[in-house]
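Results of the structural survey
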Amino acid sequence: MIDLQGVWRTYPMGEGVVHALRDVSLSIAAGEHVALIGPSGSGKSTLLHILGCLDRPTQGRYCFEGREVGSLPDGERSLLRRNRIGFVFQFFHLLPRLTAQGNVELPMLFGGIARDERRERATRALASVGLLPRADHRPDQLSGGERQRAAIARAVVMNPAVLLADEPTGNLDRASAQEVMGVLEAMNRQGLTLVVVTHDPVLAGHAQRVVHLTDGALSGPPEVLASTVEA
Amino acid sequence: MALLDLLGFAIGALRGHRLRTALSVAGVAIGIASVLTLTALGEGARRYIVDEFAALGSNLVIILPGKVETTGGVPFGGVTHDLTLEDHSALARLGRLRRTAPIVVATETLRFQDLGRSVPVLGTTAEYLEIRRLNLASGSFLPPGDPDRAGTEIVLGTRAAQELFRGENPLGQMVRVGPARFHVVGVLAPRGPSVLGFDLDEAAFVPVKTAMRLFNRTSLFRIVAEVRIFADMDQAKSEALALLKERHRAEDVTVYTQDAMVSSFSAILGALTLTLAGIASVSLVVAGVGIMNVMLVSVTERRAEIGLLKALGAADPQILLAFLAEATILAALGGLLGLAVGASGVRLLGLIYPDFPAAIPPWAVGASLTLSFLVGVGFGVWPARRATRLDPVAALARR
């Protein structure tokens, strides 16, 4: 479903350039659960942004569901983000003035979905993350775990093909983190492709596949690298 | 994205910053209210003048002796003939004129017993009452009939009567003007001062022939005539001019119509009103800059929100519209509030000065609401465009 080939992302920095991603080639099949791990500054987030059509590769091809999307016009990429891609962020990014329900309705608001259907679908999404009783609470009345579950409900309410999570538990205590991961994995079991950026090895352990990034380049898992060095 | 949803989203965002919203709404409201109030004042002044003329009779033709022209050059040329009672009689026979009244005027001292009061004394005929649309408080006006009859009737303006008779009934009393004696036949109803500088409440009216003799005049001060049909104004004017030209064998009178004066006054005051509105709209521009400032702060403050909206799939035009809607709502609310404040201000003015017909003209209501809308859109575009140009990655990176 996701196919990156020779993707580079460089930023001009003063006189020279910074290579955030170097020649990354990666395929993710539908329904997979992939963890992207690597130290800070290794390019995990940049990769996630490119996968989420928030950023464009400087060089290389990005095919999403069989379509080259790296060079699509902004309008079509917005549509793609709206309908096919869900985001979950470390800092939740819930709008403080809206209730959990209102936040979950937000993507449908911009999707032009009618009010009644918005309400119904948001209710269902909130139920699926076990947050229905807290639907009328604003983010400042929710715990961290509840906020992240509301954010997950928002990310899946448009029935995306893939859910991209950037350190979804990075700001949570262990109990909340487990709760949130439980929700994400349950969705993955129902067929949602899941890409999780983390530097928590425990979290990465839940994934079917772990992709390591170092200095913007894919690397094998440490033991693989180690064995290469030994050989 | 449906319009209602867009508005709902924008209103939600504005409610998140009540104080800031209230202040920018107030800014626009002040601008709109001042535009409306000043326009109402200008319009009031215009209507005041126009009403004043209408009270004098708007279908009047006024004939003055003498011609506005350059004299000299030709020896003994440019002789001005008197405007006489015979001229008046000839004019009175013109079909297009319904009524004509000759006028002579002088300031004389009116005496009753030992009281004296200096007032303008008008010599005229019975027609004057109708032409100037005067009302009587008591008695009758000058008797109708031949203008050449030198009667001794006098009609007093309301204040002249009050001052001279101090509560006594003036009807039938004798008053003296110089050596002549008159008997009071009527008192006019109060009229109020005229902007044209002539206070009929102070005046006294006597038959024209008597007045000419008394003031030792051979020429009339002017002749006022009422046109039968308003549309015939210009023709009546040229007929009167032609008649007098023939009688005097020279064009030595000036004929003007009340109508022309009203329209020129009206035009001048209309321009004044526009000027006032223009000055007041400066405050609207200031309010617009205020909206722009608030929206820029809002865009900077809500970077994360904008980034999020982009990540959720809001297209750039939608984000532009959402922020533009906020600015427009601010301006429109300000416009409505300004309309309410302006209207009540003008009403208050009406209560304090009941005689001044200050009123907000309908065009000003439409114009100011349109203007406030344009201010919102105009000053909202730039901040909204900044919002759409935000890089979502950078916008989301910050908390």
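Look up: the structure comes first, before these words.
This report concerns the structure included in the present document. (Residues numbered from 1 in each chain as written. Chains lettered and ligands numbered in written order. Predicted model: local features only at pLDDT ≥ 70, side-chain atom pairs only at ≥ 80, totals over all residues. Heavy atoms only, no water.)

The subject of this paragraph is the overall build of chain A. Of regular secondary structure, chain A possesses eight helices and ten strands. With respect to the principal axes defined by its C-alpha atoms, chain A has extents near 60 × 40 × 35 Å. Across the 231 residues that make up chain A, the buried fraction comes to 53%. Restricting the contact set of chain A to residue pairs at least 6 apart, pairs at least 24 apart contribute 69%. Surface exposure of chain A reaches about 10,100 Å², of which carbon and sulfur atoms provide 51%. In chain A, which carries 24 positive and 25 negative side-chain charges, the distance between the mean positions of the two groups comes to 7 Å. (Helix = DSSP H or I, 4+ residues; strand = E, 2+ residues; numbered from the N terminus. Buried < 20%, exposed > 50% of the residue type's maximum accessible area, 1.4 Å probe, protein only. Contact = heavy atoms within 4.5 Å. Areas by Shrake-Rupley, 256 points an atom, 1.4 Å probe, with all protein chains shown as cover. Lys, Arg positive; Asp, Glu negative; His and termini not counted. Charge placed at Lys NZ, Arg CZ, Asp CG, Glu CD.)

The strands making up a sheet are joined through hydrogen bonds of the backbone, oriented either antiparallel or parallel. Residue and element names in this part refer to chain A. Pairing is antiparallel in the open sheet, where four strands are placed in the order β2-β1-β4-β5. If you trace the sheet from one side to the other, it starts and ends with β2 (16-28) and β5 (67-68), each paired once. Note that strand β4 (residues 59-64) and β5 share two bridges and pair antiparallel. Residue pairing for β5: Phe64 is matched across the bridge by Arg67. Together, β1 (2-13), β2 and β4 form the strand contacts of helix α1 (residues 44-51), whose direction differs from that of β1 by roughly 120 degrees. (Pairing = 2+ DSSP bridges. Axes fitted to C-alpha atoms, helices over the stretch in contact; angles between N-to-C directions.)

The next thing to look at is the nonpolar core. Generally speaking, soluble globular proteins have nonpolar side chains that are buried together. Formed by 76 residues in total, the largest nonpolar core has its most connected members in A:Tyr62, A:Phe64 and A:Leu106. Element by element, the count of residues in this core is highest for helix α10 (residues 316-352) of chain B, at ten residues. Contacts of A:Tyr62, omitting those with residues within four sequence positions, involve A:Ile2, A:Asp3, A:Leu4, A:Ile50, A:Leu51, A:Cys53, A:Pro57, A:Arg67, A:Glu68, A:Val69 and A:Gly70. Listed in part, the 43 residues of the second largest apolar core include B:Leu91, B:Phe165, B:Val206 and B:Ile223. (Core = buried A, V, L, I, M, F, W, Y, C linked by side-chain atoms within 4.5 Å.)

This part covers a nonpolar patch on the surface. Residue and element names in this part refer to chain B. On the surface, a cluster of nonpolar side chains totalling about 400 Å² of accessible area is made up of Leu3, Leu4, Leu7 and Ile11. Positionally, Leu4 belongs in helix α1 (residues 3-15). The exposure class assigned to Leu4 is exposed, which follows from its relative accessible area of 68%. (Patch = residues over 30% accessible without salt bridge, like charges linked within 9 Å, V, L, I, M, F, W, Y side chains within 5 Å. Salt bridge = Lys/Arg side-chain N within 4 Å of Asp/Glu carboxyl O.)

Counting from both sides, the interface comprises 24 residues of chain B and, opposite them, 21 residues of chain A. Approximately 2,100 Å² of surface area, both sides summed, lies buried where chain B meets chain A, with 66% of it carried by carbon and sulfur atoms. Salt-bridge contacts for B:Glu305 lead to A:Arg97; the nearest nitrogen and oxygen are separated by 2.9 Å. Counting the contacts that link chain B with chain A gives seven residue pairs in polar contact (both at pLDDT 80 or more). (Buried area = accessible area lost by both parts, 1.4 Å probe. Polar contact = N/O pair within 3.5 Å; in protein donor to acceptor, adjacent residues only side chain to side chain.)

The next point concerns the sheet that holds strand β10 (residues 217-219) of chain A. Residues and elements named next belong to chain A. If you walk across this open sheet you meet the six strands as β6-β7-β8-β3-β9-β10, and the pairing is mixed. Lying at the two open borders of the sheet, with one neighbouring strand each, are β6 (85-88) and β10. Sheet twist, expressed as the average angle between the axes of neighbouring strands with direction ignored, equals 25 degrees. Of the strand pairs in this sheet, strand β7 (residues 162-166) and strand β8 (residues 193-198) are connected by five bridges, and their pairing is parallel. By the bridge assignment for β8, Val162 is matched with Thr193. Packing of α1 onto the sheet brings it into contact with β3 (33-37), β6, β7, β8 and β9 (209-214), and relative to β7 it is tilted by some 155 degrees.

The first and last C-alpha atoms of helix α4 (residues 115-128) of chain A sit 20 Å apart over 14 residues, in line with the 20 Å expected at 1.5 Å per residue. Those residues of α4(A) not exposed but buried are A:Arg118, A:Arg121, A:Ala122, A:Ala125 and A:Leu126. In a view along the axis of α4(A), the buried residues occupy a sector of 140 degrees, so they form one face of it. Relative to its buried face, α4(A) has exposed residues pointing more than 90 degrees away, namely A:Asp116 and A:Arg124. Contacts made by the buried residues of α4(A) are with α3 (100-110) and α5 (144-156) of chain A together with α1 of chain B. One or two positions beyond α4(A), positive phi appears at A:Gly130, with a value near 70 degrees. (Expected span 1.5 Å × (residues − 1). Arc of directions from axis to C-beta.)

Residue and element names in this part refer to chain B. Applying the stated criterion across every chain yields a total of 32 salt bridges over all chains. Here Asp232 ties to Arg96 by a salt bridge, and the two come within 3.1 Å at their closest N and O atoms. Of this pair, Asp232 sits in the loop between β9 (222-227) and α7 (233-248) while Arg96 is found in the loop between α3 (85-92) and β2 (97-112), placing the two residues 136 residues apart along the sequence. The network of salt bridges with common partners includes Arg117, Arg159, Glu163, Asp199 and Glu202.

Quick look at the environment of B:Ala311 now. For B:Ala311, the position within the fold is in helix α9 (residues 303-311). A relative accessible area of 1% places B:Ala311 in the buried class. Between the C-alpha atoms of B:Ala311 and B:Val393, which are 82 residues apart in sequence, the distance is 8.8 Å. Ignoring sequence-local partners within four residues, the contact set of B:Ala311 consists of A:Leu54, A:Arg81, A:Phe87, A:Phe89 and B:Leu396.

Per the stated rule, a full pass over the model turns up three cavities of 30 Å³ or more. Here the largest cavity defines a volume of roughly 100 Å³. Lining the largest cavity are B:Thr124, B:Thr125, B:Ala126, B:Leu142, B:Pro143, B:Pro144, B:Gly145, B:Asp146, B:Pro147, B:Arg149, B:Pro207 and B:Val208. Class assignment for the residues of the lining of the largest cavity results in seven nonpolar, three polar and two charged. Roughly 70 Å³ of volume is contained in the second largest cavity. Around the second largest cavity sit A:Arg81, A:Arg82, A:Ile85, A:Gly86, A:Phe87, A:Pro107, A:Arg154, A:Ala155, A:Met158, A:Pro160, B:Ala311 and B:Leu312, which together line it. Broken down by secondary-structure element, the contributors of at least two residues to the lining of the second largest cavity are α2 (74-84), β6 and α5 of chain A. No other element matches β6(A), which puts three residues into the lining of the second largest cavity. Classifying every residue of the lining of the second largest cavity gives eight nonpolar, one polar and three charged. (1 Å grid on protein atoms, 1.4 Å probe; cavity = no way out; pocket = protein on both sides within 12 Å on 5 of 7 lines; lining within 4 Å. Points joined across faces, edges and corners; volume = space filled by probe spheres on them. Nonpolar A, V, L, I, M, F, W, Y, C, P; charged D, E, K, R; others polar.)

Below, the discussion takes up the packing of α5(A) against helix α6 (residues 174-189) of chain A. All names here are of chain A. Two numbers describe how α5 lies on α6: the axes approach to 9 Å, and their chain directions differ by 15 degrees. Judged by the angle between their axes, α5 and α6 are roughly parallel. For the pair α5 and α6, the crossing hand works out as right-handed. From α5, Gly145, Gln148, Arg149, Ile152 and Val156 reach across to α6, where they touch Ser176, Glu179, Val180, Val183, Leu184 and Met187. A class-by-class count of the residues in the contact of α5 with α6 yields six nonpolar, three polar and two charged. (Parallel < 35°, antiparallel > 145°, perpendicular 65-115°, else oblique. Left-handed = near helix turned anticlockwise from the far one by under 90°.)

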